[in-house]
Amino acid sequence: MTKTTGITWAAASARRFERQFLAMSARTGTPVADVAAAMLGVHAQVLSAAELSVGLRADGMTRADVREALWPTVSPTAPPPPPSPSLVKTHGPRGTVHLLPARDLPMWCAALPAIPDGRSAPAADVRLTEEQARQVVGAIADALDGAFLTVDELGEEVVARTGPWAGDPVMPAFQTMWPRWRQVLHRAGQCGALSFGPNRGRRVTYTRPPHFAPLPPEEATRLLVRRYLYAYGPATPQHFARWLAAPPGWAKARYAELAAAGEIEEVRFEGAPAWVVAGDTGFPDEPVRGVRLLPYFDAYVVAAQPRELLFPGAAYRRALAGGQAGNFPVLLVDGVVAGVWHQRRRGRRTTVTVEPLVPLTARQERELADRVARVGAVLEAAAELVIGEVTVGAHA
């Protein structure tokens, strides 16, 4: 382990891999929430991709383990109360659906609402006033406490608790009109009033996560910066802002506060200024070696910066969608993106097509076959590897 303030991409990648359970998988029996915490949240717009993100980082873990952490099975012989989830599916960074450790909700649900919202406000005749938004979020929390409701059932409860104005169909969406209250659905998730329950057939359900006391917002945002730098540093305020979809000026001010307090320190990363947690300047001597597969919107490919070094050459053109990471599952070779892949499931079998952008050695092809078998094991399916062109588009 080398200590240095002149950090290379190879050294930063090696440390990030270690802390992400990518260099070495978490041991059998590691709690799902511990893996999700190391990733600083698991993108879960597509639950199967989230299950892969977690499962590929831990020996023996499958999608069933992830779902049990989200929605624990109630044993008929166990006394009440029912077990609390260790993992929560809710609106996280960038307003997108994530799996977050329940123990981290005091940080997330104080830090995320503190980020200035840069989106354009709805028209005056559509948007909720701040008081109305507060009422709706409170109504959502009350309605979901101990319940699992579809969005229509939740809407009825919100209107009953607030007033007919909340149900006015004023929001254009998917060739229909959504009721007014739904414009703060993500806000309810980010502040801890709402999370996702298990599907009821094809219909999504919502519930309320375990009760908790949020941290003071300033403490929460400072903790989030330190957690981000521990997982993905060295990183600049611009990297942090991009990861959160936050205003760059807001992120720069948070870094300045922590630097003034001696909680983070400046280093040279690939010849440019960047930041790490104060004193956290030890990096591995050996670079990343080997082959990995990461699914759609894996936390590592979204958060690790600079993006042009993670996606070198042809990978920048092939594996990104307009510069946005995550739209393609990626093949990593020696720590950088070197291909894309796609899996198509049929019953208990899945075909994994991998399109390398660099020649693979015989050893790397054998390792790739092992990684594909692991994808199948996580998804509880028998996996077949095909090396060839991936013909589906982004986020297919």
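Every value quoted in this text rests on a predicted model; they were computed, and no experiment measured them.

Reading guide: rules and limits
- Every chain's residues receive numbers from 1 upward, in the order its sequence appears when written.
- Under the rules for a predicted model, residues below a pLDDT of 70 receive no local features and side-chain atom pairs below 80 are neither given nor counted, while totals for whole chains, interfaces and linings still include all residues.
- Remark: hydrogens and water are excluded; side-chain values derive from all non-hydrogen atoms of the structure.
- Here a strand pair is declared whenever DSSP counts at least two bridges between the two strands.
- Counting from the N terminus, the helices are the DSSP runs of H or I reaching at least four residues and the strands are the DSSP runs of E reaching at least two.
- In what follows, residue pairs with any heavy atoms lying within 4.5 Å of each other are defined as contacts.
- Whenever a helix is involved, its axis is fitted only over the stretch in contact; in every case the axis is a line through C-alpha atoms, and angles between N-to-C directions fall within 0 to 180 degrees.
- Any two rings among Phe, Tyr and Trp, with Trp reduced to its six-membered ring, count as a pair given centres within 6.5 Å; such a pair is stacked if its planes are under 30 degrees apart, edge-to-face if over 60, and tilted if neither.
- Here the term buried applies to any residue with accessible area under 20% of the maximum for its type, exposed to any over 50%, and partly exposed to those in between, with areas from a 1.4 Å probe on protein chains only.
- The directions considered for the arc run from the helix axis to the C-beta atoms.
- Side-chain atoms alone can form a polar contact between residues adjacent in sequence; in general such a contact is a pair of N or O atoms within 3.5 Å, and within protein one must be able to donate a hydrogen while the other accepts it.
- Salt bridges are counted wherever a side-chain nitrogen of Lys or Arg sits within 4 Å of a carboxyl oxygen of Asp or Glu.

Caption draft 1: Local environment of the sheet that holds strand E2 (residues 6-7). Taking strand neighbours across the sheet as the criterion, the three strands line up as E2-E10-E11 in an open arrangement whose pairing is mixed. Every interior strand has two partners, whereas the edge strands, E2 and strand E11 (272-277), have only one. Across two bridges, E2 lies against strand E10 (residues 264-269) in parallel orientation. Within the sheet, the bridge partner assigned to Ile7 lies in E10 and is Phe269. Contacts from helix H9 (residues 217-232) reach E10 and E11 within the one sheet, and its direction differs from that of E11 by about 110°.

Caption draft 2: The packing of aromatic side chains, seen in detail. Summed over the entire model, instances satisfying the criterion amount to 10 aromatic pairs. Arranged with centres 5.8 Å apart and planes meeting at 40°, the rings of Tyr228 and Tyr232 form a pair that is tilted. You can see Tyr228 and its partner Tyr232 sitting in helix H9, four residues apart, about one turn around the helix. Where Tyr228 meets Phe240, the ring centres are 5.3 Å apart and the plane angle is 55°; that geometry is what we call tilted. In this pair, Tyr228 is assigned in helix H9 and Phe240 in helix H10 (residues 237-244), connecting sequence segments 12 residues apart. Here Tyr228 falls in the buried class, since its relative accessible area comes to 0%. By relative accessible area, Phe240 is classed as buried at 0%.

Caption draft 3: Just the environment of Pro106, in detail. Here Pro106 shows up in helix H5 (residues 105-111). In this structure, Pro106 is in contact with Phe212, Ala213, Pro214 and Leu215, ignoring residues within four places of it in sequence.

Caption draft 4: Region of the structure containing the sheet that holds strand E5 (residues 97-101). Pairing is antiparallel in the open sheet, where three strands are placed in the order E3-E5-E4. Two strands close off the open sheet at either side, each with one partner strand: strand E3 (42-43) and strand E4 (87-91). As paired strands, E4 and E5 are joined by five bridges and run antiparallel to one another. In the strand pairing of E5, Thr90 is matched with His98. Sitting on the sheet, helix H4 (residues 63-70) touches E4 and E5, and the angle it makes with E4 is about 80°.

Caption draft 5: Looking closely at H4. Of the positions making up H4, those classed as buried are Val66, Ala69 and Leu70. Buried residues along H4 cover an arc of 100° about the axis, so they all sit on one side. If you follow the buried residues of H4, they end up packed against helix H2 (32-39), helix H3 (47-55), E4 and E5.

Caption draft 6: Quick peek at the side chain of Arg19. Mapped onto the elements, Arg19 comes out in helix H1 (residues 9-19). In this structure Arg19 touches Ala38, Tyr230 and Asp280, once residues within four positions along its chain are discounted.

Caption draft 7: Structural detail: the pairing of strand E7 (residues 176-179). Relative to E7, strand E6 (residues 169-173) runs antiparallel, the two being bridged by four bridges. The partner of Pro172 across the bridge, within E7, is Met177. The hairpin turn running from E6 into E7, its antiparallel successor, is two residues long, and Phe174 in that turn takes a positive phi close to 50°.

Caption draft 8: A look at the side chain of Arg254. For Arg254, the location among the structural elements is in helix H11 (residues 248-260). Polar contacts involving the side chain of Arg254 include one to the side chain of Glu257, which spans 2.6 Å. Apart from residues no more than four positions distant in its own chain, Arg254 is found in contact with Thr221 and Val225.

Caption draft 9: Up close: the pattern of salt bridges. Within this structure, the stated rule accounts for 21 salt bridges. Of the charged contacts, one joins Arg15 and Asp280 as a salt bridge, the two residues approaching to 3.2 Å between their closest N and O atoms. Of the two residues, Arg15 sits in helix H1 while Asp280 sits in the loop between E11 and strand E12 (282-283), which places them 265 residues apart along the sequence. Taken individually, Arg15 and Asp280 each receive the classification buried, so the pair is uniform in this respect. When salt bridges with common partners are traced through the structure, they connect Glu218, Arg222, Arg226 and Glu263 into a single cluster.

Caption draft 10: Unusual backbone geometry, seen in detail. For the bond from Gly233 to Pro234, the omega torsion is 0°, close enough to zero to count as cis. With respect to the helices and strands, the residue Pro234 is situated in the loop between H9 and H10. A cis geometry characterises the amide bond from Gln305 onward to Pro306, with omega recorded as 0°. Its location among the elements puts Pro306 in the loop between helix H12 (299-303) and helix H13 (307-310). Of note, Glu270 is a non-glycine position whose phi angle comes to about 50°, a positive value. Within the secondary structure, Glu270 sits in the loop between E10 and E11.

The values are spatial; any link to function lies outside them.
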